[in-house]
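# Close look at the chain arrangement
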Amino acid sequence: MTSIPIIHFLIVSTALFFIGVYGFFTRRNMITMLMSIELILNSVNINFVVFNKYLHPESNDGLFFSLFIIAIAAAEAAVAIAIIINLYRTHSTIDVEDANEMKL
Amino acid sequence: MMDASVISFYAISAFLLVFGFMAVTARKIFRSAIWLLFSLIGIASLYFWMDLQFLAAVQIIVYIGGIVVLIIFSIFLTQHSGADLPKALRSRKIAAGFLSLLGFGVIAGILSKTLFVETLTPMDVDMKTIGKKMLSLGGDGYALPFELVSVLLLAAMIGCIVIAVKKVPEKS
């Protein structure tokens, strides 16, 4: 099963991370920015699991970190979408350039 | 030399990277959400490839069944479906692409110079072990973060309700 060197996993997760960063920089729509953040969090999860499985298999720490990151990402996505929908109700836009006041 | 497991690893990696890139560049927001869904399925299959069935199941349930569905619902609520997203500025695209490639290059360079000592010991990913560790109070247990995440989820739920029931002020 370890016929693949660990660095290939890490390259894949790094590439996924910077794809997410690219999307976060270029997109101006809040929902698409949130999608880029999900890609970034997922690449971090892959890293945790790979380090756990191939370098320190005697413990399960990376696996648990990934589980907790997934739970936190779910909470974060729910709150972010609640805020985005509320912003749409008050401002009729979800573009970050137009959301430039703290309170209506 | 190239057995099926090696080929499937590279196939899965290519799949998730290609769909991830399409998710951040698609012009139609709904398609972008669907490409994100495919990319997350690719990550779940990578976990299956690594024999981490529980994590793969959590990935499918929470990300694909929860977050992507939530994103699709919010797209329905806030966007005119079928309309193209406004094009990103060319200068911003170039700067973002340059910075991302630069960051990727730096990290890949550091990784290629680092020596990783891989072990062949199999990891204990039995469901029983995970369940026991998750609620164990001992030195290698995760009872405290487990409770913290429970409180966090409760707080997020209350926060969402508070934001949702807020009255929209009348536009003058």
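Residues numbered from 1 in each chain as written. Chains lettered and ligands numbered in written order. Predicted model: local features only at pLDDT ≥ 70, side-chain atom pairs only at ≥ 80, totals over all residues.

Attention now goes to the overall build of chain B. Scanning chain B from terminus to terminus reveals six helices and zero strands. Each helix and strand of chain B, ordered N terminal to C terminal, gives the series α-α-α-α-α-α. Here the C-alpha radius of gyration of chain B, 21 Å, is well above what a compact globule of 172 residues would show, namely 16 Å. Across its three principal axes, chain B shows a C-alpha extent of roughly 65 × 45 × 30 Å. For chain B, buried positions account for 20% of its 172 residues. Long-range pairs, those at least 24 residues apart, make up 49% of the contacts in chain B with a sequence separation of at least 6. (Helix = DSSP H or I, 4+ residues; strand = E, 2+ residues; numbered from the N terminus. Rg over C-alpha atoms; globule rule 2.2 N^0.38 Å. Buried ≥ 20, exposed ≤ 12 C-beta atoms within 10 Å, placed from the backbone. Contact = placed C-beta atoms within 7 Å.)

Along its length, chain A carries three helices and zero strands. In chain A, the succession of helices and strands from N to C terminus is α-α-α. Whereas a compact globule of 104 residues would reach a radius of gyration of roughly 13 Å, chain A reaches 17 Å, over 25% beyond that. If one aligns the C-alpha atoms of chain A with their principal axes, the spans along those axes are about 55 × 25 × 20 Å. The proportion of buried residues among the 104 residues of chain A is 51%. Counting contacts in chain A only where the partners sit at least 6 residues apart, residues at least 24 apart contribute 47% of the total.

Attention now moves to the interface of chain A and chain B. Taken together, the contacts link 63 residues of chain A with 73 residues of chain B. Taken together, the elements giving at least two residues each to the side of chain A that touches chain B come down to helix H1 (6–26), helix H2 (30–54) and helix H3 (61–91) of chain A. Per-element tally for the side of chain A that touches chain B: the top contributor is H3(A), with 22 residues. Class assignment for the residues of the side of chain A that touches chain B results in 43 nonpolar, 15 polar and five charged. (Nonpolar A, V, L, I, M, F, W, Y, C, P; charged D, E, K, R; others polar.)

Let us look at the packing of H1(A) against helix H1 (residues 4–25) of chain B. For the pair H1(A) and H1(B), interaxial distance at closest approach is 9 Å and the crossing angle is 5°. Viewed along their axes, H1(A) and H1(B) adopt a mutual orientation that is roughly parallel. When H1(A) is examined against H1(B), the residues A:Val12, A:Ala15, A:Leu16, A:Ile19, A:Tyr22 and A:Gly23 are found in contact with a partner set consisting of B:Ser13, B:Leu16, B:Leu17, B:Gly20, B:Phe21 and B:Val24. For the contact of H1(A) with H1(B), a count of residues per class yields nine nonpolar, three polar and no charged. (Axes fitted to C-alpha atoms, helices over the stretch in contact; angles between N-to-C directions. Parallel < 35°, antiparallel > 145°, perpendicular 65-115°, else oblique.)

Turning next to unusual backbone geometry. One non-glycine residue, A:Ser92, lies in positive phi territory at about 60°. Along the chain, A:Ser92 falls in the segment after H3. A residue is classified by how many C-beta atoms lie within 10 Å of it, and A:Ser92, with 10 of them, is exposed. Positive phi, normally seen in glycine, also occurs at B:Asp51, with a value near 65°. Since 13 C-beta atoms lie within 10 Å of it, B:Asp51 is described here as partly exposed.

The subject of this paragraph is the environment of A:Ala74. Note that A:Ala74 resides in helix H3. In this structure A:Ala74 comes out as buried when scored by C-beta crowding, with 20 C-beta atoms within 10 Å. For the pair A:Ala74 and A:His91, spaced 17 residues apart in the sequence, the C-alpha separation amounts to 25 Å. Among all residues touching A:Ala74, those that are not within four sequence positions of it are B:Val62, B:Gly66 and B:Ile67.

Here H2(A) crosses helix H3 (residues 53–78) of chain B at 175°, and the two axes come no closer than 11 Å. One way to sum up the angle between H2(A) and H3(B) is to call them roughly antiparallel. Facing A:Ile31, A:Leu34, A:Met35, A:Glu38 and A:Val49 of H2(A), the residues of H3(B) in contact are B:Leu55, B:Ile67, B:Ile71, B:Ser74 and B:Ile75. Grouping the amino acids of the contact of H2(A) with H3(B) by side-chain chemistry returns eight nonpolar, one polar and one charged.

This part covers the confidence of the model for chain B. Residue and element names in this part refer to chain B. Across chain B, the average pLDDT comes to 88, with 96% of residues at 70 or higher. Here helix H5 (residues 127–134) is the element of chain B with the lowest mean pLDDT, 86, and helix H2 (residues 29–49) is the one with the highest, 94. The complex prediction reports pTM at 0.90, with the ipTM value standing at 0.91. (pLDDT = per-residue confidence, 0-100.)

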